[in-house]
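Each chain, written out:
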Amino acid sequence: IGSEFIMRGSLGLSRRLGWSEGFVGLVILSLGTDLPEIVVSITGAMQKKQGIDTSGIVVGNVIGSNMSQMVLVFGLIGLFGGVMKISKKEGVPQGISLILATLMFLVVSNDGLITQKESYLMLLAYGFYFLFVSRLNSHSKPQKKKRKQLSLVKILGFMIIGLGVIFQASEWVISHGLNLAVDLGVNQLVIGAILVGIGTSLPELVVSMNALSKGARELSVGNLVGSNVVDILLALGLGGTITSWNVDRQVAMFDMPFLLLSMVIVVLFMLSRKKLDRKESILMLALYAVYVSLKLIGW
């Protein structure tokens with residue numbers, strides 16, 4: 001609900017400014033739909049600063065969210081939405097950006113600690129990514145359809161309400177996620193990667209399916225890829241500037257390489273024939289099922 005308000009406001013602003021569909025998907029929508037992950041990271045960092053270790057929930061959320069968005073959500077969209085065509089001009093730079101961001105996540109996590117200095121580097125990397133995407137889409141055709149424009153007061157109102165809802169919901173997610181991990185006797189990362197990861201990915205699923213149903217294929221793909229880059233570089237980076245994140249050895253040895261492998265497979269599917277069909281979607285859903293199954297049995 002919070003993301004819906006944010007997206008209405010951000011889309012209203014983008015229409016007033018006449019931004020291109022690709023730019024809206026990669027930057028505006030990806031930021032709007034990723035606010036749950038961003039706020040979960042910041043809320044978790046504040047609680048960790050107070051002595052409550054939330055690293056497992058936050059790091060697990062980023063991993064689970066990325067798996068959910070690029071493997072589960074992409075798979076579901078391809079399965080129910082039919083063939084998703086992807087242009088080489090958009091697909092190659094987006095795919096490379098996604099793999100580089102995931103690789104950076106793996107590198108900074110490898111020693112078991114994501115420090116505040118490394119978090120600043122991640123934010124710097126996002127800054128370069130933002131400039132790169134802006135430049136890439138500067139030659140794209142702006143939105144030509146004349147739609148009813150929201151007033152600036154409504155736009156501001158939507159964003160304020162959306163932020164308030166998301167902040168409150170994120171506090172509940174962190175606190176109940178920690179309680180659930182204790183009650184079930186499982187690692188925080190399992191809760192973060194599966195339950196919280198899927199939960200915070202729901203806005204991406206709804207927005208992408210909606211965009212696809214309206215024929216905005218570029219918007220759908222751009223939103224998913226952009227969201228994954230935002231999750232890693234911006235969400236985790238912002239929280240990491242407040243406090244460092246502890247990363248379990250098991251995560252560095254299994255989850256991170258599995259995440260990188262999954263992103264490479266998805267990107268290859270995206271670029272192989274410039275489209276994503278149902279057969280590839282089923283394989284992606286199977287890959288996600290393997291990851292969840294391995295986490296549930298203790299990997």
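The following refers to the structure shown. None of the values given here were measured: they were computed from a predicted structure.

## Some remarks on the overall build of the chain
Part 1 of the reasoning: Looking only at helices and strands, one finds 11 helices and four strands in the chain.
Part 2 of the reasoning: Counting only residues that meet the buried cut, the chain has 54% of its 299 residues in that class.
Part 3 of the reasoning: Expressed as a percentage of contacts within the chain between residues at least 6 apart in sequence, the contacts between residues at least 24 apart total 87%.
Part 4 of the reasoning: Total accessible area computed for the chain in this model is approximately 13500 Å², and 68% of it derives from carbon and sulfur atoms.

## Examining the packing of aromatic side chains
Part 1 of the reasoning: Under the counting rule described, the total for this entry stands at seven aromatic pairs.
Part 2 of the reasoning: Ring geometry for Tyr126 against Tyr129: centres 6.0 Å apart, planes inclined by 45°, an arrangement best described as tilted. One end of the pair is Tyr126 and the other is Tyr129, both in helix α6 (residues 116-136) and three residues apart, which spans about a single turn.
Part 3 of the reasoning: The exposure class assigned to Tyr126 is buried, which follows from its relative accessible area of 9%.
Part 4 of the reasoning: Overall, the relative accessible area of 8% leaves Tyr129 in the buried class.
Part 5 of the reasoning: A centroid spacing of 6.4 Å and a plane angle of 45° characterise the contact between Tyr126 and Phe130, whose relative ring orientation is tilted. Of this pair, Tyr126 and Phe130 both sit in helix α6, four residues apart, roughly one helical turn.

## So, the nonpolar core
Part 1 of the reasoning: With 69 residues, the main nonpolar core has Met70 and Phe105 as its most contacted residues.
Part 2 of the reasoning: Of all the elements, helix α4 (residues 55-81) adds the most residues to this core, at 12 residues.

## Side note on the environment of Asp248
Part 1 of the reasoning: Relative to the assigned elements, Asp248 resides in the loop between β3 (245-246) and α10 (249-272).
Part 2 of the reasoning: The exposure class assigned to Asp248 is partly exposed, which follows from its relative accessible area of 39%.
Part 3 of the reasoning: Remark: the alpha-carbon pair of Asp248 and Ser109, spanning 139 residues in sequence, is separated by 8.9 Å.
Part 4 of the reasoning: Side-chain polar atoms of Asp248 contact the side chain of Asn187, separated by 3.3 Å.

Rules of the game
- Residues numbered from 1 in each chain as written.
- Predicted model: local features only at pLDDT ≥ 70, side-chain atom pairs only at ≥ 80, totals over all residues.
- Heavy atoms only, no water.
- Helix = DSSP H or I, 4+ residues; strand = E, 2+ residues; numbered from the N terminus.
- Buried < 20%, exposed > 50% of the residue type's maximum accessible area, 1.4 Å probe, protein only.
- Contact = heavy atoms within 4.5 Å.
- Areas by Shrake-Rupley, 256 points an atom, 1.4 Å probe, with all protein chains shown as cover.
- Phe/Tyr/Trp six-rings, centres within 6.5 Å; stacked < 30°, edge-to-face > 60°.
- Core = buried A, V, L, I, M, F, W, Y, C linked by side-chain atoms within 4.5 Å.
- Polar contact = N/O pair within 3.5 Å; in protein donor to acceptor, adjacent residues only side chain to side chain.

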